[in-house]
Amino acid sequence: MIEVYQKENVVCVEGTIESFGRKVYVYLVDGMLVDTGPEKLQDELIRFYKEYPVELVALTHSHEDHTGTAAWIQEHLNIPIYLHPQSIQLCEQPGVYPEYRQQTWGSRKAFQALPLPETIRSRSQEWTVISTPGHADDHVSFLNEKMGQLFSGDLFVAPKTKVIMDSESIPLIMDSLRKLLQYDFDSLFCSHSGYFENGREMIEKKLHNLENLTLKVRSLSEDGLSVDEIKQKIFPLDYPIIGFSENQWDSRHIVRSILEGQPSN
């Protein structure tokens, strides 16, 4: 199911995977489509693409919930699709990822992308492409300082972080949040929690929470607690996604990444 509405001259496409209750957003601004959503929503998104003029695609990263309809767009709309250079070869092959993610988002078919430049131009606007790794190594954000708008992909998601994937890095996420705060922007368009008028404040809040969490984790580690003991003390709840993902998502990864300073491979 998708719902289409506008915020600040941005067409927001709010998608819901009803069987899982998961939300994902696609945005269309000045002819530029930011991400393409998951294959599970393709039929509804095709109707959207046929109604609204899309002139180019800018992908925040290569995960299947952001690239799931890119192959259809390439085949039927014949418009450029831009992606971080390191993931171009990966996306030339069908997506390979765990079964639970296929169940949630569908299959990502192969497509060909162009490397994202340092700035990307839509119909009448220029967007700064900012490298913001942490959620994924190839993650970028798109900023229009003139309009005060930031498209943050999966970097923000929520002000408080309770679970992350085993490939994510809290220290890198914090670095990326700090990098964004060096720029001038007001509103935030997140790929999983939508539009925030007070975007800068939300980014600041997330960074503040992660800084406090980092101090707490390091303090407990210095007291001699293990990763699992720290996880149990700070995150005692067993979130459903932990079991559903067979621990690819887990609060434990937050603790580990803080103590290691980098994600595991």
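Read on for an overview of the structure.

**Considering the sheet that holds strand E7 (residues 114-115)**
Read across the sheet, seven strands follow the order E1-E2-E3-E4-E5-E6-E7 without closing on themselves; strand pairing throughout is mixed. Strand pairing shows two members of the sheet lacking a second neighbour, strand E1 (2-7) and E7, which therefore form its edges. The pairing of strand E5 (residues 56-58) with strand E6 (residues 81-83) spans two bridges and is parallel. When the sheet's bridge partners are listed, Ala58 is paired in E6 with Tyr82. Strand contacts of helix H1 (residues 42-51): E1, strand E2 (10-17), strand E3 (22-29) and strand E4 (32-34), with the helix running at about 40° to E1, the strand carrying the most contacts.

**Re the sheet that holds strand E14 (residues 194-196)**
Spatial ordering of the open sheet is given by E8-E9-E10-E11-E13-E14, a layout of six strands whose pairing is mixed. Strands at the two margins of the open sheet, each flanked by one partner only, are strand E8 (119-121) and E14. Mean inter-strand twist for the sheet, computed between neighbouring axes without regard to direction, equals 25°. Note: strand E11 (residues 149-153) against strand E13 (residues 187-190), four bridges, orientation parallel. Paired with Leu150 across the strands is Leu188, a residue of E13. Along the sheet, helix H7 (residues 199-222) makes contact with E13 and E14, crossing E13 at roughly 65°.

**A short note on unusual backbone geometry**
Trans is the common state for peptide bonds, and a negative phi is the common state for residues other than glycine. Even without a glycine there, the phi angle at Asn78 is positive, about 55°. Note that Asn78 resides in the loop between helix H3 (70-77) and E6. You will see that Asn247, though not glycine, has its phi angle at about 75°, which is positive. Within the fold, Asn247 resides in the loop between helix H9 (240-244) and strand E15 (249-250). Judged by relative accessible area, Asn247 falls into the partly exposed class, the value being 40%.

**Some points on the pairing of E1**
In the sheet, E1 pairs with E2 via six bridges, with the strands oriented antiparallel. Directly across from Gln6, in E2, lies its bridge partner Val11.

**Quick notes on H3**
Within the sequence span of H3, burial applies to Ala70, Ala71, Trp72 and Ile73. Contacts from the buried residues of H3 go to E4, H1, E5, helix H2 (64-67) and E6. Directly beyond the C-terminal end of H3, a positive phi value near 55° is found at Asn78.

**Regarding the environment of Arg47**
You can see Arg47 is positioned in helix H1. Distance from Arg47 to Ile73, taken between C-alpha atoms, is 12 Å for residues 26 residues apart in sequence.

Each value, and the rule that gives it
Residues numbered from 1 in each chain as written. Predicted model: local features only at pLDDT ≥ 70, side-chain atom pairs only at ≥ 80, totals over all residues. Heavy atoms only, no water. Pairing = 2+ DSSP bridges. Helix = DSSP H or I, 4+ residues; strand = E, 2+ residues; numbered from the N terminus. Contact = heavy atoms within 4.5 Å. Axes fitted to C-alpha atoms, helices over the stretch in contact; angles between N-to-C directions. Buried < 20%, exposed > 50% of the residue type's maximum accessible area, 1.4 Å probe, protein only.

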